[in-house]
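# Summary of structural features
Chain by chain, the residues run as shown.
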Amino acid sequence: MRPKIAAAAACVALAAVAAIVFWGAAQRGADAPLGKACDPDAELPTIGRSLDLALYVGRSVDEDLARSLASRAAVYFGEFGLQVDIAEPVRELPYRVMLPAPRDMPATAPQADAGAQAEKLLGRLRGFVSRHADEPGSAIRVVVIDEIAHEDSLAAAGLGTLRGLAISPALAPDRAGLDLREMFGRDHAPVVLLAPRGDPEADARVLAHEIGHALGLEHRHHPHNLMTQHEHGCAPLLDDDQAEIIRGALSDLQL
Ligand SMILES: [Zn+2]
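Residues numbered from 1 in each chain as written. Predicted model: local features only at pLDDT ≥ 70, side-chain atom pairs only at ≥ 80, totals over all residues.

Right, let's get into the overall build of the protein chain. In terms of regular secondary structure, the protein chain is built from 7 helices and 9 strands. In the protein chain, which comprises 255 residues, the share counted as buried stands at 38%. Look at the contacts in the protein chain between residues 6 or more apart in sequence, and 72% of them connect residues 24 or more apart. (Helix = DSSP H or I, 4+ residues; strand = E, 2+ residues; numbered from the N terminus. Buried ≥ 20, exposed ≤ 12 C-beta atoms within 10 Å, placed from the backbone. Contact = placed C-beta atoms within 7 Å.)

As judged from the 8 bridges shared by strand β1 (residues 49–57) and strand β2 (residues 82–92), these two strands associate in the parallel manner. Along β2, the bridge assignment pairs D52 with D85. Between the parallel pair β1 and β2, the chain is carried across by helix α2 (residues 63–78), and the sense of this crossover is right-handed. Judged from the 5 bridges that link them, β1 and strand β4 (residues 140–144) form a sheet pairing that is parallel. Along β4, the bridge assignment pairs A54 with R141. (Pairing = 2+ DSSP bridges. Right-handed = clockwise from strand over helix to strand, strands pointing away.)

It is worth spelling out the pairing of strand β9 (residues 191–194) at this point. Because side chains alternate across β9, one face comprises the buried residues V191 and L193, and the other comprises V192 and L194, equally buried. Sheet analysis places β4 next to β9, joined by 4 bridges and oriented parallel. Across the sheet, V143 pairs through a bridge with L193, a residue of β9. Where strand β6 (residues 164–167) lies against β9, 4 bridges are found, and the strand directions are antiparallel. Note on β9: the bridge partner recorded for A166 is V192.

Bringing unusual backbone geometry into the picture now. Cis geometry marks the peptide bond from E88 to P89, where omega comes out at 0°. Here P89 lies in strand β2.

This next bit is on the environment of H222. Residue position: H222 is located in the loop between α6 (200–214) and α7 (240–252). With 15 residues separating them in the primary sequence, H222 and L237 have C-alpha atoms 9.5 Å apart.

All right, on to the packing of α2 against α6 then. It is the contact of α2 with α6, at a shortest axis distance of 9 Å, that shows an interaxial angle of 60°. As for the relative orientation of α2 and α6, their crossing is right-handed in sense. Touching S68, L69, A70, R72, A73, Y76 and F77 of α2 are P200, D203, A204, L207, A208 and I211, all from α6. Along the lines of polarity and charge, the residues of the contact of α2 with α6 split into 10 nonpolar, 1 polar and 2 charged. (Axes fitted to C-alpha atoms, helices over the stretch in contact; angles between N-to-C directions. Left-handed = near helix turned anticlockwise from the far one by under 90°. Nonpolar A, V, L, I, M, F, W, Y, C, P; charged D, E, K, R; others polar.)

This paragraph deals with α2. The end-to-end C-alpha separation of α2 is 22 Å, in line with the 22 Å expected for 16 residues at 1.5 Å each. Within α2, the full set of buried residues consists of A66, S68, L69, A70, S71, R72, A73, A74, V75, Y76 and F77. (Expected span 1.5 Å × (residues − 1).)

Before going further, it helps to examine the nonpolar core. Ranked by internal contacts, the top residues of the largest apolar core, which has 62 residues, are A73, V142, V192 and L207. When residues of this core are assigned to their parent elements, the largest contribution, 8 residues, is made by α2. (Core = buried A, V, L, I, M, F, W, Y, C linked by C-beta atoms within 7 Å.)

With mixed pairing, the 5 strands of this open sheet are ordered in space as β2-β1-β4-β9-β6. Each edge of the open sheet carries a strand with a single partner, namely β2 and β6. Neighbour to neighbour, the strand axes of the sheet diverge by 20° on average, direction disregarded. Packed onto the sheet, α2 meets β1, β2, β4 and β9 and runs at close to 170° relative to β2.

Side chains of residues three or four places apart in an α-helix project in the same direction, reflecting 3.6 residues per turn. With 13 residues, α7 should cover 18 Å at 1.5 Å per step; its first-to-last C-alpha distance of 18 Å lies within 8% of that length. Among all positions in α7, only Q242, I246, A249 and L250 are buried. For α7, the buried positions fall inside an angular range of 95° around the axis, keeping them on one side. Summarising the geometry of α7, the exposed residues directed more than 90 degrees from the buried face are D240, D241, E244, S251 and D252. Residues of α7 that are buried make contact with β1 and β2. (Arc of directions from axis to C-beta.)

Predicted coordinates in regions of low pLDDT should not be interpreted in detail. Within the protein chain, residue pLDDT values average 79, and 70% of them lie at 70 or more. At the low end of the mean pLDDT range in the protein chain sits helix α1 (residues 2–26), at 49; at the high end sits α2, at 96. With pLDDT under 50 throughout, residues 17–30 is counted as low confidence; its partners more than four residues away or in other chains account for 22 contacts. (pLDDT = per-residue confidence, 0-100.)

Before going further, it helps to examine the environment of L165. Inspection of the secondary structure puts L165 in strand β6. Assessed through the 24 C-beta atoms surrounding it within 10 Å, L165 is described here as buried. The sequence separation of L165 and A214 amounts to 49 residues, and the corresponding C-alpha distance is 9.0 Å. In this view, L165 contacts I148, L193 and E210; residues no more than four positions away in its chain are not counted.

Structure, rendered in C-alpha cells:
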C-alpha cells in the first residue's frame, strides 16, 4: 500500500502546485507563486522574449521539487512577458555539494596556498560548466542542490551560507569581487545554483533573483525590487530598465 499512498500524495501535491501556478498566472497578488505581490498596484514592464531553463538536481534533491520551484519562477517571469520554458529531462548530478570541503582543504588556509585552494574549491563547478556547456536546447542551467558550499569550505567561510548563486561571465562578469570571465572563461552559458530551504515561495524568489543575475541584473536598493539583497516576504517587481537589460541579454546570448 505504501508506494500507492506515496504516489497519490505526490499527485495531490503536484495538482496543488499546478493549481497555484495557474492561479498565479491568472491573478497577480492573491496566491501568486512567489507570494502576494509586494506592490499589487505597480505597472509591470513587458519583456516580450522567451528563455529556456535546463534543470539539474543534486544527488539527494527530488526532481519534482526542482520542477515546481522552476515553474513558480517561470510563472513569475511570465507576468513580465518573459516566457520561461523548462527543458526535459531533468538531469541528475552525482554529488550533494557544488563547492566541497575536501579534508586537505581547511577553512583557514595559509595565504600562500590561496590560489591552489581556490582551484580545488572550484574544480567541481568548473567541471560542471565545461561538461554541460555545449548541450543543446538549454539557455540557463539551473542546479538545485543540497548545499552550494560545504559549511567547512572556503566559500562558506567567505560568503556565509549560500542559498543561491549565479555565474554568468558574459553578462555579469563581477560577482563578490571575483572576475568570473577569468575564472570560467567568457563564453559559457549562465549557471544558477539554488539550495532550497523548504519554503517554496521563498526558494522560488531566490531562484528568480539568481536568474535575474544570470541575465545581467545587478543589485537594487528598492525593497520591492527582485534584485534587492534582502528577503522580501512578497513577490517582487522588475522595472522598465531591468526589462530592457533582460531583453538585451537575451539578444546578446542569442537565446
Ligand atoms: Zn543577489
